[in-house]
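What the coordinates show
Take a look at the letters that make up each chain.
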Amino acid sequence: MYRPLQHMLHKAALAAVTLIATLSPSPLRAQSDPLYTQAWALPTLYNPAAAGSTDWLRIRGAARLQWVGIENAPKSFTATADIPFKLLGRRWGGGVNVTQEGIGLFSNTYVNGQLSGRLKKFFGGELTIGLQVGYFGSSFRGSDVYIPDDDDYHDSNDPSIPKQDVGGGTIDFGVGLQYIHPKFNVGVSMLHPAAPKVKLNTKGTTSSSATSDNHEFETYVNRVLYLTAGSNIHVKNTLIELQPDLIVASDFRSFSGVVSLKGWYNKMFFGGVAYRLDDAVSINLGAEFKNFILGYAYDIPTSKILKASSGSHELTVGYRLKLDFGGKNRHRHRSIRLM
C-alpha cells in the first residue's frame, strides 16, 4: 500500500507527465536536458567546446535513476566520446554524445555531433569555441494514459489527450566557449537556442491525421544556458588533490545547478560531496585504474520527497586512450580533472 504522500506523488506524476499542458494546438510540455550530479565527468554533454580538450580519446557513459521508489520517476542514460585531432596545421576536437531519458510517459532522445577549435591562447590557457548539430526526438505513450474515474481535475474523454503512442523529431544545435588552464577551467554554452518544436504523430501518419479529431500534438525543448567551472588544488606535501566543480543551468525562467568538492588520492581514488540546488545532497565515490574510471553518486533529497523516495543513484564509467601528438605538442593538460 502506498503511503499517503507517495500515493499523491504517484498520481501527480501520472497527471503531470500526461497533462502538464493542454495539447491543442499548444505544446505538450517543455523538455530539458538531464542534469547529472557527476556532470564534471561528462564535460562535452553540456559544452561542445570541451570536445578534444585533452590529449586523450575519452569515452564516458552515465546512468541516473532519480527518486527511486516513485513510479514513473526520471531515468537517464548518456554516452559521450571525444577526441583531439590535427587538420591543416591546427588543433581541433571532435565529439559525439547520445542521451536517452524517460520521464513518466515521455521518452526523449538527444544525439549530437561536435566540433571545437582554438580561438586564442593567453595567460597560460586556451580559449576554444565549439558547435554541435544533432537530433532531438520525443515520444509519448498515449496508450498507457490512465485517469481514475474519481479524478476531479481531468476528463478521460478529453480530446487533447493522446490515446495512441505518438512521437517525432527535429534538428537541434548548440554552441559553447571554454577557457582551459592547467589549474582551472570555465565555460559557457547555449544548448537548444532555437527551442525546437516537435510534432508528435502516430507511426505512419502526418500530424494532421494523428487523431480522428485532427488535434495536433506538439512538444519542445527548452533553450538552456550553462555555466561550468572547475579547478585543481594540490595539497602540498601530500598525494591529495582537491577539485571543486560547479555547473549552473538556466532556461531563463528557473535555475538548477550542482556544486561539488571531491578529493583525489594518489590520482587513483576519489571521494567527495555535492549539493544539487533545492534538490539534494550527494555522496560521491570512485576510482581510476589503468585508464578506466568508475564513479558513483547517491543523492539524498532535501525536500519532503524524501518521505516517498529513498533517493537517486548515479553511475559513471569511462575509458581513455592516450594519443601521440609528438614532442612539440603545446596543448597538454596535466590536470587529472580533464583526463
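Structure's up top.
The text that follows walks through the structure, step by step, so that each part is easy to find. (Residues numbered from 1 in each chain as written. Predicted model: local features only at pLDDT ≥ 70, side-chain atom pairs only at ≥ 80, totals over all residues. Heavy atoms only, no water.)

**A closer look at the nonpolar core**
- Ranked by internal contacts, the top residues of the largest apolar core, which has 14 residues, are Tyr-36, Tyr-46, Tyr-226 and Ile-247.
- Elements that contribute at least two residues to this core include exactly α2 (43-46), β11 (224-231) and β13 (240-250).
- Setting aside anything within four residues of it in sequence, one finds Tyr-36 in contact with Leu-42, Leu-45, Tyr-46, Ala-62, Ala-63, Arg-64, Ser-76, Phe-77, Thr-78, Val-258, Arg-276 and Glu-314.
- Ranked by size, the runner-up nonpolar core spans 10 residues in total, among them Leu-105, Phe-136, Leu-200 and Phe-217. (Core = buried A, V, L, I, M, F, W, Y, C linked by side-chain atoms within 4.5 Å. Buried < 20%, exposed > 50% of the residue type's maximum accessible area, 1.4 Å probe, protein only. Helix = DSSP H or I, 4+ residues; strand = E, 2+ residues; numbered from the N terminus. Contact = heavy atoms within 4.5 Å.)

**Digging into the packing of aromatic side chains**
- In this structure the tally under the stated criterion is nine aromatic pairs.
- Their ring planes at 55 degrees and their centres at 5.2 Å tell us that Tyr-46 and Tyr-226 sit as a pair that is tilted. With Tyr-46 in helix α2 and Tyr-226 in strand β11, the pair connects residues that are 180 residues apart, well separated along the chain.
- The class of Tyr-46 is buried, set by a relative accessible area of 2%.
- Of the residues examined, Tyr-226 reaches a relative accessible area of 3% and is grouped as buried.
- Between the aromatic rings of Tyr-179 and Phe-184, the centroid separation amounts to 5.9 Å while the plane-to-plane angle is 45 degrees, which identifies the pairing as tilted.
- A residue is classified by how much of its surface remains accessible, and Phe-184, at 32% relative accessible area, is partly exposed.
- Pairwise contacts between aromatic rings join Phe-122, Phe-123, Tyr-179 and Phe-184 into one cluster.
- Directly above the aromatic system of Trp-40 lies the positively charged group of Lys-262, at a separation of 3.9 Å from the ring centroid.
- Positioned above the aromatic ring of Trp-56, the side-chain terminus of Arg-320 is 4.0 Å from the ring centre. (Phe/Tyr/Trp six-rings, centres within 6.5 Å; stacked < 30°, edge-to-face > 60°. Lys NZ or Arg CZ within 6 Å of the ring centre and 35° of its normal.)

**With respect to the side chain of Thr-228**
- Tracing the chain through its elements places Thr-228 in strand β11.
- We classify Thr-228 as buried; its relative accessible area is 16%.
- Once you skip the residues sitting within four places of it in the chain, Thr-228 turns out to touch Asn-185, Val-186, Gly-187, Leu-246 and Ile-247.

**As for the pattern of salt bridges**
- Applying the stated criterion to the full structure yields 12 salt bridges.
- Two residues, Asp-299 and Arg-64, come together in a salt bridge whose shortest N-O distance is 2.8 Å. Of the two residues, Asp-299 sits in strand β17 (residues 292-301) while Arg-64 sits in strand β2 (residues 56-68), which places them 235 residues apart along the sequence. Neither residue differs from the other here; Asp-299 and Arg-64 are each classed as buried.
- Glu-288 is the partner of Arg-320 in a salt bridge, and the nearest nitrogen-oxygen pair spans 2.8 Å. In this pair, Arg-320 sits in strand β18 (residues 311-322) while Glu-288 sits in strand β16 (residues 280-289), placing the two residues 32 residues apart along the sequence. An identical accessibility class is assigned to Arg-320 and Glu-288; each is buried.
- What you see here is one network of salt bridges that share partners, running through Arg-64, Arg-276, Asp-279, Asp-299 and Glu-314. (Salt bridge = Lys/Arg side-chain N within 4 Å of Asp/Glu carboxyl O.)

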